[in-house]
Amino acid sequence: MRKIFVTALIIALTLSSCAFADVKIGSCIYRFSDAFMLRFRNAMTAESVNEKAEIIIADSLNDQNTQDAQVDDFINSGVNVLIINPVDRMQSQSIIDKAKSANIPVVFINREPTAEMLATYDRAYYVGAKPEESGTEAGELIANYFKSHPEADKNKDGKIQFVMLRGENGHQDMIARSKYSVEAIKDAGFEPVEIAGAIANWDKLQAMTIMNAFIMSLGAENIEAVIANNDEMALGAVEALKANDYNKGNAEMYIPVVGVDANASALDAMDRGEMLGTVLNDADGQGTAAVKLAVALANGKDVSGQVVDGKYIWVPYQKVTRGEK
Ligand code: GAL
Ligand code: CA
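The numbers attached to residues start from 1 for each chain and follow its sequence in the written order. Each chain takes a letter, starting from A, and each ligand takes a number, starting from 1, following the order in which they are written. This being a predicted model, a pLDDT of at least 70 is required before a residue's local features are given, and a value of 80 or more before pairs of side-chain atoms are given or counted; all residues contribute to the totals for chains, interfaces and linings. With hydrogens and water excluded, all non-hydrogen atoms of the structure serve as input to the side-chain values.

Would you take a moment to explain the coordination of the calcium ion (ligand 2) for this structure?
Octahedral six-donor coordination of a metal ideally yields angles of 90 or 180 degrees, compared with 109.5 degrees for tetrahedral four-donor coordination. Each metal site lists N, O and S donors within 2.8 Å (3.2 Å for Na, K and Ca). With water left out of the atoms, a site can look as if it is missing ligands. Protein coordination of the calcium ion (ligand 2) is provided by D153 (OD), N155 (OD1), D157 (OD), K159 (O), Q161 (OE1), E224 (OE) and E224 (OE), with donor distances spanning 2.3 to 2.5 Å. Mapped onto the sequence, the residues coordinating the calcium ion (ligand 2) show the spacing D-x1-N-x1-D-x1-K-x1-Q-x62-E. With a 1.4 Å probe rolled over the protein chains alone, any residue whose accessible area is under 20% of its type maximum counts as buried; one over 50% counts as exposed, and the rest are partly exposed. Among the residues examined, N155 registers a relative accessible area of 44% and is labelled partly exposed.

Here it is as structure tokens:
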């Protein structure tokens, strides 16, 4: 009897919590195994609880076809709004078209559709961070280090010989971080020289393998800085350097490495003196803003005061260091 009662109570509670959730959000993340997107997911889940909204988050497994099918399923199940982190941002149009025919709003995150695509639907939005900011700030970290450490110019040629580890091809963050980090170094009065560079797809293991190959071919003593488009790749580079006795505490054998994101593992590496710095990619700020916007849109609220250019919410980046090394 008691057992039946408890079961009935649980069912009643489950039903009521669904029934009372005013807004149902369907969300897709390009790949759950991405360390930064884990922070993003946690922020969205927490904000959904605050907003008393129901959120279902699907792992698109780095496959655009899988994601398109997930969007269809969400629409068929009657979600009120979508939050989408595209696998391939250049293929966002089909998702916008699906949302438009279902007459529900869609908020894109982290991977920016083109302005032309967003313009095709008045209820399509983007929440993210301006990638050029993160590039500039990462470059400034390197420039500031060389200002306070002239000995970092190991071959004394007045130039900064660096290697670059790039994120996924075509990603707006990969393009702008690669470009603006170098621009910032130039703006600070240095001459940057890219002696090697490769795409490591935001991935630590790929970056470690590539960095090992660079060390083998160039010699670690000839590398004066490592610029990585994100923390995971910076940490992969750090692993490769440590395997060659660099960045283990001996000041003579140190190469400044910078990343972007400010993931916990990178902050730990900075505390250990293995990594110079990073740029905070504010997952909490972006995840919270995306859910707030989605809920407001689903409730038919006027969001014109919350967005810029009718479409965007930009969350700022912030440099992170551990003081003077
Ligand atoms: C970037 C982030 C990377 C990776 C990527 C995924 O903003 O810095 O670490 O998560 O997004 O799209
Ligand atoms: Ca030099």
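What follows picks up the thread again.
Is there a simple way to explain the site of ligand 1 in this structure?
The cutoff for a nearby residue is simple: one of its non-hydrogen atoms must lie within 4 Å of the molecule or strand. The immediate surroundings of ligand 1 are formed by Y30, D34, F36, N110, R111, H171, D173, R177, W202, N230, D261 and N281. The side chain of D34 places a nitrogen or oxygen atom 2.8 Å from an oxygen atom of ligand 1. Distance and chemistry together define a polar contact, namely a pair of N or O atoms within 3.5 Å, with one atom able to donate a hydrogen and the other to accept it when in protein, and with adjacent residues in sequence counting only for side-chain atoms on both sides. The side chain of R111 places a nitrogen or oxygen atom 2.8 Å from an oxygen atom of ligand 1. Here the open area of atoms and residues is found with the Shrake-Rupley method and a 1.4 Å probe, where only the protein chains shown may cover a residue. For ligand 1, whose unbound accessible area comes to 310 Å², protein coverage reaches 99%. Method remark: on a 1 Å grid restricted to protein atoms, a set of points is classed as a cavity if a 1.4 Å probe fits but cannot get out and as a pocket if it is open with protein on both sides within 12 Å along at least five of seven lines; lining residues have an atom within 4 Å of a point. A molecule is said to be in a cavity or pocket once over half of its atoms fall within 2 Å of that pocket's grid points. In a pocket analysis with a 2 Å cut-off to the grid points, ligand 1 is assigned to the largest cavity.

For this particular structure, what's the right way to read the pattern of salt bridges?
When their charged atoms lie close together, side chains carrying opposite charge are able to pair. Definition used for salt bridges: Asp or Glu carboxyl oxygen within 4 Å of a side-chain nitrogen of Lys or Arg. This structure, assessed with the given rule, holds 15 salt bridges. One salt bridge connects D34 with R31, and the closest N-O pair in it is separated by 3.9 Å. In this structure, E194 engages R166 in a salt bridge whose closest nitrogen and oxygen atoms are separated by 3.0 Å. A residue pair is termed long-range when its members are at least 10 positions apart, and E194 in strand β7 (residues 191-199) and R166 in strand β6 (residues 159-166) qualify at 28 residues. Classification of R166 by relative accessible area gives buried; the value is 18%. Numbering of helices and strands runs from the N terminus, with a helix taken as a DSSP run of H or I at least four residues long and a strand as a DSSP run of E at least two residues long.

Looking at this structure, how should I read the domain arrangement of the protein chain?
For interface size, the figure often reported is the accessible area lost on association. Per the domain assignment, the segments making up the protein chain are domain 1 (2-129 + 282-316) and domain 2 (131-280). Each of domain 1 and domain 2 was reduced to a C-alpha centroid, and the two centroids are 34 Å apart. We call two residues in contact whenever any of their non-hydrogen atoms come within 4.5 Å of each other. Contact with domain 1, which involves 14 residues of that partner, is made by 15 residues of domain 2. Among the residues domain 1 hides against domain 2, the three largest losses belong to R39, R89 and R111. Together they make up 35% of the total. One salt bridge connects R111 with E168, and the closest N-O pair in it is separated by 2.6 Å. Scanning the region where domain 1 abuts domain 2 turns up 6 residue pairs in polar contact (both at pLDDT 80 or more). Residue contributions to the side of domain 1 that touches domain 2 peak at 3 residues, all from helix α2 (residues 35-50). Asp, Glu, Lys and Arg are counted as charged, while Ala, Val, Leu, Ile, Met, Phe, Trp, Tyr, Cys and Pro are counted as nonpolar; the rest, among them Gly, fall into the polar class. Partitioning the side of domain 1 that touches domain 2 into residue classes produces 7 nonpolar, 1 polar and 6 charged. Those domain boundaries reflect an automatic or database domain assignment. Buried area counts how much accessible surface, traced with a 1.4 Å probe, disappears from two parts once they are put together, with both parts' losses summed.

Please explain the pairing of strand β3 (residues 81-84) as it appears in this structure.
Residues in a regular strand project their side chains so that they alternate between the two faces of the sheet. A two-sided burial pattern is seen for β3, the buried positions comprising V81 and I83 on one face and L82 and I84 on the other. Summarising the sheet, strand β1 (residues 24-29) and β3 pair through 4 bridges and their orientation is parallel. Each residue of the ladder has a partner; that of I25, found in β3, is V81. DSSP calls a pair of strands paired once it identifies at least 2 bridges connecting them. Inspection of the sheet shows β3 paired to strand β4 (residues 106-109) by 3 bridges, in the parallel sense. Bridge pairing in β4 places I84 opposite F108.

When you look at the layout of surface pockets in this model, what are you seeing that I'm missing?
By rolling a water-sized probe across the atoms, one finds the places where empty space is left. Put simply, the largest pocket is a space of about 300 Å³. Around the largest pocket, the lining comprises 15 residues; the ones closest to its centre are Y145, N250, A251, E252 and Y254. By residue class, the composition of the lining of the largest pocket is 4 nonpolar, 5 polar and 6 charged. Grid points are joined across faces, edges and corners, and a volume is the space filled by probe spheres set on the points.

How should the packing of helix α6 (residues 131-148) against helix α7 (residues 172-187) be read in this particular structure?
For the pair α6 and α7, the least separation of the axes is 7 Å and the interaxial angle reads 40°. Considering only the axes of α6 and α7, their crossing is right-handed. Every residue of α7 that contacts α6 at P131, E132, S134, G135, T136, G139, E140, I142 and A143 is listed here: Q172, D173, A176, R177, Y180, S181, A184 and I185. For the contact of α6 with α7, the per-class residue count stands at 7 nonpolar, 6 polar and 4 charged. Here an axis means a line fitted to C-alpha atoms, over the contact stretch when the element is a helix, while the angle between two N-to-C directions is reported on a 0 to 180 degree scale. Note on convention: near helix rotated counterclockwise from far helix by under a right angle means a left-handed crossing. Clockwise means right-handed.

Could you clarify how one ought to interpret empty space enclosed by the protein in this entry?
Under the definition given, this model contains 2 cavities of 30 Å³ or more. Around the largest cavity, the lining is made up of 13 residues, and of these D34, F36, N110, H171 and W202 lie nearest the centre. At the level of elements, α2 and α7 are the ones that each hand at least two residues to the lining of the largest cavity. Residues that form the lining of the largest cavity fall into these classes: 4 nonpolar, 4 polar and 5 charged. Residue-level mapping places the lining of the largest cavity at the junction of two domains, with at least three residues from each of domain 1 (2-129 + 282-316) and domain 2 (131-280). Considered as a void within the structure, the second largest cavity measures approximately 50 Å³ in volume. In this structure, the second largest cavity is lined by F36, N110, Y126, G128, A129, Q172, D173, N281, Q286 and Y317. Mapped by element, the contributors of at least two residues to the lining of the second largest cavity are β5 (124-128) and α7.

Would you mind going over the sheet that holds β4 with me for this structure?
Hydrogen bonding along the main chain pairs the strands of a sheet, whether they run parallel or antiparallel. The strand order across the open sheet built from 6 strands is β2-β1-β3-β4-β5-β11, with neighbouring strands paired in parallel fashion. Strand pairing shows two members of the sheet lacking a second neighbour, β2 (54-59) and β11 (312-314), which therefore form its edges. Neighbouring strand axes in the sheet, compared pairwise and without regard to direction, differ in orientation by 15° on average. Its contacts with the sheet place helix α3 (residues 64-76) against β1, β2 and β3, and it is angled at close to 175° to β1. Along the sheet, helix α4 (residues 93-102) makes contact with β3 and β4, crossing β4 at roughly 160°.

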